[in-house]
Amino acid sequence: MRPSSPAAPPRLRVLSGIQPSGSLHLGNYFGSIRPNLEQQGKAGESIFFVADLHALTTVQDAAVLRQARQDIILDYLACGFDPEKAIIFFQSDVLEHAELSWILSTVAPMGMLERAVSYKEKVQKGIAASVGLFTYPVLMAADILLYDTTHVPVGRDQKQHVEIARDLAIKFNATFGKDTLVVPEPVIRAEVAVVPGTDGQKMSKSYGNTIPIFGDEGVILKAIMGIVTDSKGVSEPKDPDKCIVYQLHKLFLSASESKDLAEQYRVGGLGYGEAKKLLLRAYLDHFRPMRSKRAELAQQSALVEEVTRAGTKRAQAIAAKTMERVRKAVGLL
Ligand code: ADP
Ligand code: TRP
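We now turn to the structure provided with this report. Here the structure is a predicted model, which means the values were calculated and not measured. (Residues numbered from 1 in each chain as written. Chains lettered and ligands numbered in written order. Predicted model: local features only at pLDDT ≥ 70, side-chain atom pairs only at ≥ 80, totals over all residues. Heavy atoms only, no water.)

### Examining the site of ligand 2
Quick note on the threshold: Here a residue counts as near a molecule or strand whenever at least one of its heavy atoms sits within 4 Å of it. Here a polar contact is recorded for every N or O atom pair within 3.5 Å, except that within protein the pair must consist of a potential hydrogen donor and a potential acceptor, and residues adjacent in sequence are included only if both atoms are side-chain atoms. Accessible surface area values rest on a Shrake-Rupley calculation with a 1.4 Å probe, where residue burial reflects the displayed protein chains alone. Only runs of H or I of at least four residues qualify as helices and only runs of E of at least two qualify as strands under DSSP, and these elements are numbered from the N terminus. In the scheme used here, Gly and all other residues not listed as nonpolar or charged are polar, with Ala, Val, Leu, Ile, Met, Phe, Trp, Tyr, Cys and Pro taken as nonpolar and Asp, Glu, Lys and Arg as charged.
Near ligand 2 you find 14 residues, and of these Q19, Y136, M140, D143 and Q158 are the closest. In this structure, Q19 approaches ligand 2 through a side-chain N or O atom, which is 3.1 Å from an oxygen atom. In the environment of ligand 2, a nitrogen atom lies 2.6 Å from a nitrogen or oxygen atom belonging to the side chain of Y136. The fraction of the free accessible surface of ligand 2 (370 Å²) that becomes covered by protein chains is 90%. Within the residue set of the shell around ligand 2, elements represented by two or more residues are strand 1 (13-18) and helix 8 (136-145). Considering each element in turn, the shell around ligand 2 owes the most residues, four residues, to helix 8. Among the residues making up the shell around ligand 2, the classes are represented as eight nonpolar, five polar and one charged.

### Section: the environment of V154
Let me state the cut-off plainly: Residue burial is assigned from relative accessible area. The probe radius is 1.4 Å, only protein chains are included, and a residue is buried under 20% of its type maximum, exposed over 50%, and partly exposed in between. Two residues form a contact once any of their heavy atoms are found within 4.5 Å.
Turning to its location among the elements, V154 is positioned in the loop between strand 4 (151-153) and helix 9 (159-176). Take V154: its relative accessible area is 10%, and that puts it in the buried class. Sequence separation between V154 and V192 is 38 residues; the distance between their C-alpha atoms is 9.6 Å. Sequence-distant contacts of V154, defined by excluding residues within four places in its chain, comprise G31, V162, V187 and I188.

### Remarks on the pattern of salt bridges
Put simply, the rule reads: By convention in these notes, a salt bridge is any Lys or Arg side-chain nitrogen within 4 Å of a carboxyl oxygen on Asp or Glu.
In total, this model carries 17 salt bridges according to the counting rule given. Put simply, E38 and R189 hold a salt bridge, and the shortest N to O gap is 2.7 Å. Note that E38 is positioned in helix 1 (residues 26-39) and R189 in the loop between strand 5 (185-187) and helix 10 (217-225), a separation of 151 residues in sequence. Here R166 makes a salt bridge to E185, at a shortest N to O gap of 3.3 Å. One end of the pair, R166, is in helix 9; the other, E185, is in strand 5, and 19 residues separate them in sequence. Given a relative accessible area of 38%, E185 falls into the partly exposed group.

Nothing here speaks to function; it is geometry throughout.
Encoded structure:
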């Protein structure tokens, strides 16, 4: 017998997750948070969760994880996530993530996971090659497929993971019933696909090259002033496309503003010290309201608990329906 069809998902259901494994940075903001925020409340549902089960693959200190989980919810809220419009929760509070992950792992070909670049990169960086780290993409697929997600806004580094989620949905449907799982699409904005870090590599918590969104202004100043540049003098013409300061500054500007700034680089006369100060100003203008909201929210001791309790309930309601279809499809119901 064919399993029942997915309850017609909303036209657009956007989902993304972020690991509580360090302070939020510009890469997270432009690659994931902002595209997700732009969808919030526009159409269908926006789902945002803290991938705390994923974080266990790298954070194995309970006190550190506990703090990071709380912080990241406050960060999200300060960035503009509205618990009235978006569903906000901790992954570990919705047990179905782990259950679906197991079921998907039974159709996940070993070869597919062996080709996952992120696993290889992490092991190369010295992270312990646990089974959990290896099957990380399967849990991520479960996160996505559990909610009939249609769109997943991520940076380019996560593209392969979303493709694995697509492949697993297709494989599952082919094996157990073609209408069980919704096949999601990654949403990757070309202009913010890879936000460079202060050293020119991809900005990442694990590379120590980030410009954080929240936290001490002194740390931000130091990070921006420490951006690597070539040694061209003030009057020399500079190539904006090769300059990390410009690449970062551009993120805050409209198309015509970035064109004007690029011209200033090209004609010469703009030194790197001055260019960094301009970037700092653009950064502070953009994030000032969020930074002060973050400080306010931190005073409300019950806020995280309240927001996530409500979010968990809504998430569980969707997850339960999907799991009913999945259990029926595989013969567990
Ligand atoms: P990190 O690499 O710092 O650990 P995460 O893996 O927690 O970041 O990423 C969370 C989200 O932010 C993901 O959607 C990821 O694609 C996005 N992201 C992270 N770094 C960047 C970057 N440098 N440029 C664009 N998007 C990024
Ligand atoms: N793997 C993602 C990252 O490191 C975090 C994540 C977990 C995620 N589950 C997800 C992102 C589901 C989008 C959708 O950035």
